[in-house]
Amino acid sequence: MSKWVINESLCKGCGICIARCPLKILAYADHLTPKGVYPAAITDEAKCTSCAICARSCPDVAIEIYKEEK
Amino acid sequence: MAKVLMKGNEAIGEAAVLAGCRYYFGYPITPQSELPAYLAKRLPEVDGVFVQAESEVAAINMVYGSGSAGARVMTSSSSPGISLKQEGISYIAGAEVPCLIVNVMRGGPGLGNIAPAQSDYWQSTRGGGHGDYRTIVLAPNSVQEMADMTITGFDLSDRFRNPVLLLSDGVLGQMMEPVNLPEPHDYNINSKKWALGYRGSDKNERNLCSSIFLDNDELEEHNWHLYQKYQVITDLFSKGEYKDFAVEEHLCDDAEIILVGYGIISRILKTVVEKCRKRGIKAGLVRPKVLWPFPTAVFERLAKTASQFLVVEMSCGQMVEDVKLSVDGKKPVFFFGRTGGTVPSDFEILNEVDKLVRPD
Amino acid sequence: MTMKKVFSRPASLSKTPFHYCPGCDHGVIHRLVAEAIDELEVGDRTIGVAPVGCSVFAYDYFNFDFNQAAHGRAPAVATGIKRTRPDSIVFTYQGDGDLAAIGTAEIIHAANRGEKITVIFVNNAIYGMTGGQMAPTTLIGMKTQTSPYGRDASTAGNPIKMSEMIATLESPVYVTRVTINSVANLMKAKKAIYNAFKLQKEGKGFSFVEVVAICPTNWGKKPADSHKWLTENMLPVFPLGTFKDTLGVEKSA
């Protein structure tokens, strides 16, 4: 299961999450959603620390964040 | 209850309390000031809320909020203040929130003066604000009716989820008469399932009070829904349980000339009718007690038996248009009015009748 | 290994997708309101009042009762609701045209009466819904549809500072200005909104949170650039900070 889950139907491609990701592991996907938006995507999920900065910054509450529990 | 001597404005206040109204929001303006003054004193005694708002605009929007939360709520004002309230009344009508609005009419247009007038008839009966809507308009002619119609007004507004306007004037508001106050009425704020904050176990997922329907088809459907409600209300007054409430007729059966007037004017007209009868003139009186929906059927019927109509108003002629529409050209409809705060005397009206009945 | 949810949509926020433009701050501010309501466990007795402006449909985005008010009148409507149902949590959500122009009288007097309501004021220095006209909070020199040569103080006055104005009144118990231009500031904004609702839950007085926000569409800037522009241009005019905290809610928290 992923740490970083996006609901692409909510994403408007504003890019705020991409700009704010401290590890720079978010980027626009290379596919369009049915709304005609290039959604945000994670490029290297292994590096993701589940800090949730992207999710908290998302104006459309499109991102859910999970963390591995030991 | 025993009869008490009260001013018209105060009778409305006490009747509102007896009707279960516990919320009043208003702004000072003459000649309705006795009403807020009365309620400012009275409402705290019954754990009610009196708020003097920063404007009439704010007051009517407080009414919108309180009514949407399920209260029996009222505001009052006088002509220029009622103009300011029209925005809120339109929203209240659109969102179908019940409330009672009292207009103690004074002279206009503009600041006009503080003397009694009936020049807000059009504003009251044609909606007043923007959009396709109606308010039920009740027109008392005594302190007793000020009290009774306040109760009726709350009942009608709750029943139809529609604003009700009590249309009075400076004379009725200020005059003192004995009044039989009605029995107190219990009102439960949790009786409206649609209201915001309703807590019943049968509550909807959530409640919304709104007048916005951005989609064309949705707004059209909403407007026709309102129209159908107004048709039901019209039927109620023309042939339903409020048929007798809607209009008062006096000596009309054999009348050749029908005098028409509402509110304080109707009391003067009654004297005129009596004086006419003493002089051998067959005069009768029709007094609409409900101005919207207008009691058209009475005029349709009397247009068959009477030979002419004389409408008397404290305006340059507003209700006369509804009488003409109802009579529909079958008989002549004449008008006599005084405006600017002057109440016509029985003598000058009698003169008008003379001119019509004995043209030579 | 199991996965624990760190962040997801708060329960008080409905599932309806926002109609706002890409990057618009309204979405985050709505979410912060919903989070505060959920954390205070008052979702079953909250009543919102939506304004006229971009957030006119705010009622669609929350799972509790709502009234949709006329332009600028939300504080008067909220007064009526709160006085009628004092045990409800009542808030207005208003923009700068709604609150600082047409509704100036309503907000000042609701604040001055100390109505026990919460006001969320979103200031992005422009009218959004009508297509980018000058607002009372538009900056000097800022070009809008109705200030095409830039706002000129000699004819259009200066940006109104609502928080400062409201803080001069005796009755309000909490008046603060926040922004969400960074995650750090966003967390401060979250706390401020929580504080404002907490005060209401405790039956205290009038609480007011101004959120300095962006309008990428009508500013003609990309969302990320808009936050930078906000930091450089709006914050000097609308400084962040708490102007009134009568009961010390920020210290007690």
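Keep in mind the model is a prediction, meaning the values are calculated, not measured.

Enquirer: Sorry, what's going on with the interface of chain C and chain A here?
Expert: Where interface size is quoted, it is often the accessible area lost as the parts come together. Contact with chain C, which involves 30 residues of that partner, is made by 26 residues of chain A. Taken together, both faces of the contact between chain C and chain A bury some 2,500 Å²; the carbon and sulfur share is 64%. For chain C, the biggest contributors to the area lost against chain A are C:M3, C:V6 and C:F7; these three give 27% of the whole. Between chain C and chain A we count 0 salt bridges in total. At the junction of chain C and chain A, the tally comes to 10 residue pairs in polar contact (both at pLDDT 80 or more). For the side of chain C that touches chain A, the secondary structure elements donating two or more residues are β1 (2–7), α1 (26–39), α7 (183–201) and α9 (223–237) of chain C. A total of 6 residues in the side of chain C that touches chain A trace back to one element, the largest contributor, which is β1(C). Looking at the side of chain C that touches chain A residue by residue, the classes come out as 18 nonpolar, 8 polar and 4 charged. Where strand β4 (residues 63–69) of chain A lies against β1(C), 5 bridges are found, and the strand directions are antiparallel.

Enquirer: Looking at this structure, I do not really get the sheet that holds strand β2 (residues 23–26) of chain B. What am I missing?
Expert: Hydrogen bonds between backbone atoms are what pair the strands of a sheet, whose relative direction is either parallel or antiparallel. Residue and element names in this part refer to chain B. Strands sit in the order β3-β2-β4-β5-β7-β6-β13 across an open sheet of 7 strands; the sheet is mixed. Each edge of the sheet is formed by a strand with only one pairing partner; in this case those strands are β3 (49–52) and β13 (290–292). Strand-to-strand twist of the sheet, defined as the mean angle between neighbouring strand axes without regard to direction, takes the value 20°. Where strand β6 (residues 136–138) and strand β7 (residues 163–169) come together, 3 bridges link them in parallel fashion. Bridging across to β7, I136 finds its partner in V164. Those strands touched by helix α8 (residues 216–238) are β6 and β13, and its axis lies near 155° from that of β13.

Enquirer: I'm lost on the arrangement of the chains in this one. Help?
Expert: The interface with the most contacts, out of 2 pairs of chains in contact, is the one formed by chains B and C. The two units chain A and chain B remain apart, with a minimum C-alpha distance of 21 Å.

Enquirer: Mind showing me how you'd approach the pattern of salt bridges here?
Expert: Opposite charge on two side chains allows them to pair when their charged atoms are near. All chains considered together, the criterion is met by 39 salt bridges over all chains. Of the charged contacts, one joins B:K192 and B:D158 as a salt bridge, the two residues approaching to 2.7 Å between their closest N and O atoms. Taken together, the residues B:K192 in the loop between β8 (176–180) and β9 (208–209) and B:D158 in helix α6 (residues 143–160) connect sequence positions 34 residues apart. The same class applies to B:K192 and to B:D158, which are both buried. In this structure, B:D354 and B:R358 form a salt bridge, with 3.5 Å as the shortest nitrogen-oxygen distance. What makes B:D354 buried here is its relative accessible area of 16%. Three or more residues joined by partner-sharing salt bridges are found here, namely B:E54, C:R83, C:R113 and C:E115.

Enquirer: Any chance you could explain α7(C) here in plain terms?
Expert: Since one α-helical turn is 3.6 residues long, residues separated by three or four positions face the same way. All names here are of chain C. Its 19 residues give α7 an end-to-end C-alpha distance of 27 Å, which sits within 8% of 27 Å, the value for a rise of 1.5 Å per residue. Burial analysis of α7 places 14 of its 19 residues in the buried class, the great majority of the element. Once α7 ends, the next one or two residues include G203, with phi positive near 75°.

Enquirer: Please clarify how the domain arrangement of chain B should be interpreted in this entry.
Expert: Residue and element names in this part refer to chain B. Here chain B is described as being made up of domain 1 (3–191) and domain 2 (248–357). Computed from C-alpha atoms alone, the centre-to-centre distance between domain 1 and domain 2 is 27 Å. Approximately 2,200 Å² of surface area, both sides summed, lies buried where domain 1 meets domain 2, with 51% of it carried by carbon and sulfur atoms. Considering only the side of domain 1, the residues that lose the most area to domain 2 are Q118, Y121 and W122, jointly responsible for 33% of the buried surface there. The interface formed by domain 1 and domain 2 contains 3 salt bridges. R126 is the partner of D322 in a salt bridge, and the nearest nitrogen-oxygen pair spans 2.7 Å. At the boundary of domain 1 with domain 2, the tally comes to 15 residue pairs in polar contact (both at pLDDT 80 or more). Sorting the residues of the side of domain 1 that touches domain 2 by element identifies α5 (121–125), β6, α6, β7 and α7 (170–174) as the ones contributing at least two each. Counted by class, the side of domain 1 that touches domain 2 contains 16 nonpolar, 7 polar and 6 charged residues.

Enquirer: Even after reading the chapter, I still don't get the packing of aromatic side chains, so can you show me in this structure?
Expert: Applying the stated rule across the entire model yields 23 aromatic pairs over all chains. The interplanar angle of 45° and the centroid separation of 5.9 Å between the aromatic rings of B:Y121 and B:Y262 together place this pair among those described as tilted. Remark: B:Y262 occurs in the loop between β11 (257–260) and α10 (264–278) and B:Y121 occurs in helix α5; sequence separation between them is 141 residues. Taking the relative accessible area as the measure of exposure, B:Y121 reaches 0% and is therefore buried. The class of B:Y262 is buried, set by a relative accessible area of 1%. An aromatic cluster of three or more residues is present, and its members are C:F62, C:F64, C:F66, C:F91 and C:F197. In this structure, B:R161 is placed above the aromatic ring of B:W194, and the distance from its NZ or CZ to the ring centre is 4.0 Å. The ring of B:F245 carries the charged tip of B:K289 above its face, separated from the ring centre by 5.3 Å.

Rules and cut-offs
Residues numbered from 1 in each chain as written. Chains lettered and ligands numbered in written order. Predicted model: local features only at pLDDT ≥ 70, side-chain atom pairs only at ≥ 80, totals over all residues. Heavy atoms only, no water. Contact = heavy atoms within 4.5 Å. Buried area = accessible area lost by both parts, 1.4 Å probe. Salt bridge = Lys/Arg side-chain N within 4 Å of Asp/Glu carboxyl O. Polar contact = N/O pair within 3.5 Å; in protein donor to acceptor, adjacent residues only side chain to side chain. Helix = DSSP H or I, 4+ residues; strand = E, 2+ residues; numbered from the N terminus. Nonpolar A, V, L, I, M, F, W, Y, C, P; charged D, E, K, R; others polar. Pairing = 2+ DSSP bridges. Axes fitted to C-alpha atoms, helices over the stretch in contact; angles between N-to-C directions. Buried < 20%, exposed > 50% of the residue type's maximum accessible area, 1.4 Å probe, protein only. Expected span 1.5 Å × (residues − 1). Domains from an automatic or database assignment. Phe/Tyr/Trp six-rings, centres within 6.5 Å; stacked < 30°, edge-to-face > 60°. Lys NZ or Arg CZ within 6 Å of the ring centre and 35° of its normal.

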